[in-house]
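Topology and contacts: notes
Residues per chain, in single letters:
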Amino acid sequence: MTAFQSTLGEEEGIAEELAENQRAISIAEFFEKNKHMLGFDSGARGLVTAVKEAVDNALDAAEESGILPDIYVEIEESGDYYKLIVEDNGPGLTKDSLPKVFGKLLYGSRFHKREQSRGQQGIGISAAVLYSQLTSGKPAKITSRTQGSNEAQYFELIIDTDENEPEISVDRTTTWDRPHGTRIELEMEGNMRARQQLHDYIKHTAVVNPHARLELREPQAHFKFERATDQLPEETEEIRPHPHGVELGTVIKMLSATDSHSVSGFLQEEFTRVGKKTAESVIDEFRDRHYGREMAWTPPGPHESADVAAAVTEATVNKGATATEAFATAIADAVADSDRVAHNELVAIVDSSADAVEDEHGTTFGDTVRENAAEAAWAELAGLVGDDEDEDPADETDADPDDHSRLVTDLYELADGATSTRKDDEVVHAFAVRLAGKFEDSEDTRHRFTHKTLVEFVDRAAELTEEYDDVAFGDTARENVVDAIWSVMVTVPDDPPRVRDLSGDRDATSDLVDGMRATDIMAPPTRCLSPISDDLIEAGLKKEFEADFYAAATRDAEVSGGDPFIVEAGIAYGGDLEAEGSANVMRFANRVPLVYQRGACATTDVVKSIGWRNYGLDQPGGSGVPNGPVVIMIHVASTNVPFTSESKDAVANVPEIEDEIELAIREAARELKSYLNKRRSMQKRRKKQNVLGKILPEMATKVAEVTGRAEPDIDDAIARIMNNVLVERRLEENGDGQTVEVVVENHSSTNESLAVTDIVSAEPSNLSDGATVVEMDGEWFVKWDADVSSGDEAVLTYEVSTDAAFDIDVDGVEAEKLTVTDTETNQ
Amino acid sequence: MSADNEQQAREQLIDLAAQFYDQFELGEIPHMDVPTRTKSNIEYDEDLDVWVYGDRTSTRSANSVRGARKLLKAVYTIEFLSDQLEQDRSSTLRELYYLSESWDNENAQFNDQDESNQLVEDLEIVSGATREDFHMRPEESGATIMGPLFLREQTRRGEREIHCQEDVGEGGYQIPNNPDTIEFLDSDAEFILCVETGGMRDRLVENGFDEEYGALIVHLKGQPARATRRITKRLHDELDIPVTVFADGDPWSYRIYASVAYGSIKSAHLSEYLATPEAQYIGIQPADIVEYDLPTDPLSDSDINALESELEDPRFQTDYWEEQIELQLDIGKKAEQQALASRGLDFVTETYLPERLEAMGVL
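Note that this is a predicted model, so its numbers are computed, not measured. (Residues numbered from 1 in each chain as written. Chains lettered and ligands numbered in written order. Predicted model: local features only at pLDDT ≥ 70, side-chain atom pairs only at ≥ 80, totals over all residues. Heavy atoms only, no water.)

Next up on the list: unusual backbone geometry. Residue and element names in this part refer to chain B. Cis geometry marks the peptide bond from glycine 283 to isoleucine 284; its omega dihedral reads 5°. Counting through the fold element by element, isoleucine 284 comes out in the loop between β15 (280-283) and α10 (286-291). Its identity is not glycine, yet aspartate 88 carries a phi of approximately 50°, on the positive side. Structurally, aspartate 88 is set in the loop between α2 (65-86) and β5 (91-92). Classification of aspartate 88 by relative accessible area gives partly exposed; the value is 43%. Positive phi, normally seen in glycine, also occurs at histidine 135, with a value near 65°. With respect to the helices and strands, the residue histidine 135 is situated in the loop between α4 (113-127) and β6 (136-137). Judged by its relative accessible area of 10%, histidine 135 falls in the buried class. (Helix = DSSP H or I, 4+ residues; strand = E, 2+ residues; numbered from the N terminus. Buried < 20%, exposed > 50% of the residue type's maximum accessible area, 1.4 Å probe, protein only.)

With that settled, consider the confidence of the model for chain A. All names here are of chain A. Per-residue confidence for chain A averages 83 on the pLDDT scale, and 92% of its residues sit at or above 70. Taken together, the stretch residues 1-6 has pLDDT below 50 and engages in 2 contacts with residues farther than four places along the chain or on a different chain. Note on residues 387-403: pLDDT under 50 across the span, and 12 contacts to partners over four residues away in sequence or across chains. (pLDDT = per-residue confidence, 0-100. Contact = heavy atoms within 4.5 Å.)

Where like charges cluster on the molecular surface, the negative patch consists of A:Glu763, A:Glu775, A:Asp777, A:Glu779, A:Asp807, A:Asp809 and A:Asp811. Mapped onto the elements of the fold, A:Glu779 is located in strand β22 (residues 779-788). (Patch = residues over 30% accessible without salt bridge, like charges linked within 9 Å, V, L, I, M, F, W, Y side chains within 5 Å. Areas by Shrake-Rupley, 256 points an atom, 1.4 Å probe, with all protein chains shown as cover. Salt bridge = Lys/Arg side-chain N within 4 Å of Asp/Glu carboxyl O. Lys, Arg positive; Asp, Glu negative; His and termini not counted. Charge placed at Lys NZ, Arg CZ, Asp CG, Glu CD.)

When the UniProt feature table is mapped onto this chain, "coiled-coil region" (unreviewed entry) is found at residues 658-685 of chain A. Here residues 658-685 of chain A is 100% helix and 0% strand, with 40 Å between the C-alpha atoms at its ends. (UniProt positions renumbered as here; feature names shortened; annotations may be inferred.)

In total, this model carries 56 salt bridges over all chains according to the counting rule given. Between A:Glu285 and A:Arg289 there is a salt bridge, with the nearest N and O atoms lying 2.8 Å from each other. Remark: A:Arg289 and A:Glu285 occur in helix α10 (residues 276-290); sequence separation between them is 4 residues, near one turn of the helix. Assessed through its relative accessible area of 24%, A:Glu285 is described here as partly exposed. On the basis of relative accessibility, which here comes to 30%, the residue A:Arg289 falls in the partly exposed class. Among the ionic pairs, B:Glu183 bridges to B:Arg152, the shortest N-O distance being 3.2 Å. Of this pair, B:Glu183 sits in strand β11 (residues 182-187) while B:Arg152 sits in strand β8 (residues 149-155), placing them 31 residues apart in sequence. Judged by its relative accessible area of 42%, B:Glu183 falls in the partly exposed class. Several salt bridges share partner residues, and in doing so they unite A:Glu76, A:Lys83, A:Glu87, A:Arg178, A:Arg183 and A:Glu185 into one network.

So, on to the UniProt feature "binding site: Mg(2+)" (unreviewed entry) in chain B. All names here are of chain B. UniProt annotation of "binding site: Mg(2+)" (unreviewed entry) refers to Glu196 and Asp248 when read in the numbering used here. Sequence-wise these annotated residues cover 53 residues; spatially they are packed, their C-alpha atoms never more than 7.3 Å apart. Its location among the elements puts glutamate 196 in the loop between β12 (191-195) and α5 (198-206). Exposure remark for glutamate 196: the relative accessible area of 12% places this residue in the buried category. Among residues more than four places away in sequence, those in contact with glutamate 196 are His219, Leu220, Lys221, Gly222, Phe246, Ala247, Asp248, Ser253, Ile256 and Gln337. Note on placement: aspartate 248 falls in the loop between β14 (243-246) and α8 (251-261). By relative accessible area, aspartate 248 is classed as buried at 8%. Excluding anything up to four places from it in sequence, aspartate 248 contacts Glu196, Thr197, Ser253, Tyr254, Tyr281, Ile284, Ala335, Glu336 and Gln337.

It is worth spelling out the packing of helix α4 (residues 43-64) of chain A against helix α7 (residues 195-208) of chain A at this point. When two helices pack together, their arrangement is given by the angle between their axes and by how far apart the axes lie. Residues and elements named next belong to chain A. For the pair α4 and α7, interaxial distance at closest approach is 10 Å and the crossing angle is 15°. Comparing the axis directions of α4 and α7 gives the class roughly parallel. When you trace α4 past α7, the crossing you get is right-handed. Where α4 abuts α7, its residues Val48, Val51, Lys52, Val55, Asp56 and Leu59 lie against Gln197, Leu198, Tyr201, Ile202 and Thr205. Here the contact of α4 with α7 is composed, by residue class, of 7 nonpolar, 2 polar and 2 charged. (Axes fitted to C-alpha atoms, helices over the stretch in contact; angles between N-to-C directions. Parallel < 35°, antiparallel > 145°, perpendicular 65-115°, else oblique. Left-handed = near helix turned anticlockwise from the far one by under 90°. Nonpolar A, V, L, I, M, F, W, Y, C, P; charged D, E, K, R; others polar.)

Taken together, the contact pairs 25 residues of chain A with 26 residues of chain B. Contact between chain A and chain B buries roughly 2300 Å² in total, counting both sides, with carbon and sulfur atoms accounting for 70%. When residues of chain A are sorted by the area they lose upon contact with chain B, A:Met699, A:Lys702 and A:Val706 head the list and together hold 27% of the total. At the boundary of chain A with chain B, the tally comes to 2 salt bridges. In this structure, A:Arg709 engages B:Asp22 in a salt bridge whose closest nitrogen and oxygen atoms are separated by 3.1 Å. Summed over the shared surface of chain A and chain B, the number is 5 residue pairs in polar contact (both at pLDDT 80 or more). (Buried area = accessible area lost by both parts, 1.4 Å probe. Polar contact = N/O pair within 3.5 Å; in protein donor to acceptor, adjacent residues only side chain to side chain.)

Summarising the element assignment, A:Lys452 is placed in helix α17 (residues 451-469). A:Lys452 sits 163 residues away from A:Arg289 along the chain, and the two C-alpha atoms are 8.9 Å apart.

Let us look at the confidence of the model for chain B. The share of residues in chain B with pLDDT of 70 or more is 98%, and the mean pLDDT across the chain is 88. Here the complex is predicted with pTM 0.58, and the ipTM for its interfaces comes to 0.74.

Another aspect to go through is the sheet that holds β14(B). All names here are of chain B. The strand order across the open sheet built from 6 strands is β10-β7-β13-β12-β14-β15, with neighbouring strands paired in mixed fashion. At either margin of the open sheet sits one strand with a lone partner, and together these are β10 (173-174) and β15. Bridge count between strand β7 (residues 144-146) and strand β13 (residues 215-219): 2 bridges; the pairing is antiparallel. Residue pairing for β13: methionine 146 is matched across the bridge by isoleucine 217. (Pairing = 2+ DSSP bridges.)

Let us now look at the pairing of strand β12 (residues 549-554) of chain A. Residue and element names in this part refer to chain A. The buried fraction of β12 amounts to 5 of the 6 residues, a majority that puts the element mostly inside the structure. Relative to strand β14 (residues 563-573), β12 is paired through 6 bridges, and the arrangement is antiparallel. Counted as the bridge partner of phenylalanine 549 is tyrosine 573 from β14.

Take the sheet that holds strand β18 (residues 725-734) of chain A next. Residue and element names in this part refer to chain A. Here we have 4 strands laid out as an open sheet, ordered β23-β19-β18-β25, and mixed in their pairing. Each of the sheet's edge strands pairs with one partner strand only, and the pair in question is β23 (793-801) and β25 (818-821). Taking the axes of each pair of neighbouring strands and ignoring which way they run, one obtains an average angle of 15° across the sheet. Where β18 lies against strand β19 (residues 737-746), 10 bridges are found, and the strand directions are antiparallel. Within β19, the residue paired with glutamate 728 across the bridge is valine 743.

Shown next, in the form of structure tokens:
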């Protein structure tokens, strides 16, 4: 720089010379140099990111057209490069749009939409194309066939990074076996060191997209993930922005673009969840900010010298004594009837009184008369009397302290009510006097102030009080006083500016945005979101993980920055899950698995912050990711997921989202806890059963030995000890056949519902009530549903020939709680 | 008579096993109820003047793993005892504990001797028999008797007739574990003198106190074993002579007296059979400490606590004991029997005992 500076002035045209070197850079060129921002920072990662972008695109495309996605991913070695092929069964792309989708960055249909989708910016797939052409120098080969067309279109293209435009080298029709869909083939530098991440990505995608069929073939592995459901995710709808989430610049842009003329119309037209009433509330908030509020004073009491009627009478001339009196009385009465009166309210009172008196007396009260009357009455109310109007020195002496005390008394009441009771009356009074002074001294005799001005008044009065009375008048006290006064102040009825005036007025627009944020507005509708739903999360987890337990929770929608979002969580536990090491945390945003930057993600932070020991999991040190055979899955669905970077690897730490993540996880974890508790008690029961199952027969044997009798039957005793449900068969010869009794004794403390199936080798007859029989391949299935309350028993009876064999099966009771004793049959 | 007892005991044990059998058959959870053996469940029997168990019972039930193990052990023990009775053999409590190691079932083996001792006590209570009826012996060697008593003992090697002065050495006659095998043939004894410590017993024997006063000197050896208490009761009942207890002058010795006279907590189910409510306390009394100016030790905190709890103990709710205990708390001192030696070796036999026994109306 110094070199240039030294030559400044001596040589002309430096700036011009410099300017020659300055030129716009295309977005494509920018990303060429900043690949890492898009997740293409290494060969290993580049391959995963490319797969991810292509698959996300394919899923979005298929879903948007109501097609169940069927996606094939292939990676093959091709000399020094890897060849990536992704095929989908989406709707295909038209000949015009195809090159742009793949060959132009920031081209997409979703950036401007408030709607949940995987891709958002329109960078992903074209960035993959760019990466491929940068590393291998080969064009992307794309085949696409739209539904119903006979032939497919084949392109080879590269991105012209200078222009950010596709450059097509081959464009011809071809044949393709898929009836519709798109196939992209990219060759790129890369390696398979991130194989695990790749597999995770595909597997996790399968978990959250149970409606999709996915296939991955890479040099060392080949997986297929079949569908768990044929139900497509509910279609999302685009929504208008929510007033709580828009920024000033956006609003300014919207104001200049809208067709509405009034602010109210603008709000209702352009935003979601804004109706007439909400618009009014927003406008009121806007008025408070833009125009300020007007102070409302209490009407003068009978003991006060302020006399509204007299002031009005004096100010009204040439209207005849009766009419004047009627006018003055009407105003004074209306004022006296109000709790407090602000300037604009007084004007309204004067107007209505004037109209009423006009009707009655036929005297016309013109604008000037009305204005004079209002001004005179306001002077009385707001203690403005005495300065110039009342010249009578006798009145002056009387009036002065009284006039002051009009406002002082009012403000004293408010301040006294708002400050702590420990504050000395004297101090509060002195403060009220000083505050009243600020009101009296203000230029705006209507006493119309913004919140900010009011704060200044109160601060100034408080500072003076601190200074002169040597007492503390802290921030809390000041805030309370401001709140108390602000709450009695009245929103002014002034019309808000027209939209066209507003759009050029940055300050006013800012007031409007503030007003929008301050207004309570219903959360945005959630039809723009497509959560997976707790049922399908469970189904997805069940599909991909062999566990003993699954739970899932879907939260209600919340709003963050104007964008609605939904958090879902799922937990799988036990079974074949890896018991060693910490839990597997799966993160998803808008159904896309997040594979990288686990440590930077809000979801991971929340998982770590939860006290998992409370939920029965091992958590060394009481914080961090829990240990054990657990999969924790979190899905954040939003119209705009706040990622930490363009590569969309981690959800940013937004407090509202973090809270919901925590609640969702805890909801699912509570189910896990009760499952684990139950499992533990079942384990205990099993242990007890194992030990007692050994001891009691031994005891029975010994008892039989000592007493010299046959061994006793101990099943009933054991069932009772174990609080078990005992299913027992009793047989009794009955002529040629036998009577079978299946007895269910419920020794547990809860009511039990059992489904008993007794498979009999001969045809049973005379079945007791509630039982049915079905014959299948020479066997008879006796089905019987028994509801047995605690301590009760139920019996199934039937008759069958003596040579019948039986095989009983009982469902509906945990194995640990069930004791089935099937007596020896003849077979 | 004793064979009858044993037969009866055996039947009662088998009845208990049969009870478990029936419980199984009825689909009930096998269980047995025994009185709760804690201090709070000990009641004074006004009629018998002894301490017996109250109404509270504990249930040993197979409802839990612990309870089931207990009952299994009980059944194994029942089998063992009934076999032992059938073969007319005996064993000690400790042998039972070790013997359980040889049982084929690990769950039936005892974890420690307390467990086996407690089980035998349970069986005594539930069957109404005594462990002597089961042929179970305690470990500690029985105490001794010295005095003018001629008796016949049923030993494993036949009947023996023994005179407890003439046929015994300095050590005296060894009381067998089951004193009910003894028959008293003849006695010149005037009274029974139960002595707490070995030192004092030897002093009395050396000084010929038993011969001079016709005393049956029973050595208690601290807290008396069941056999010692049983023979004391039998001597009292069958020879109709008074029983006196001579112990140290501290709260623990008062309890030795109480267990001779009223029974102990652990064997309250046998109080009727073991306790001698007519037993009288000779001393050392706190009053003796003052009167004879005996060398003393100060009371420790635990002594004071023990004395205070004795004041609450219904067994000591007599004017005599209240007066003595309060006196002791007042002087804050205790004295051993041997402290009498401070007045010379013969003081106890020539002065103290004759004076006390006379005062008690024994002599």
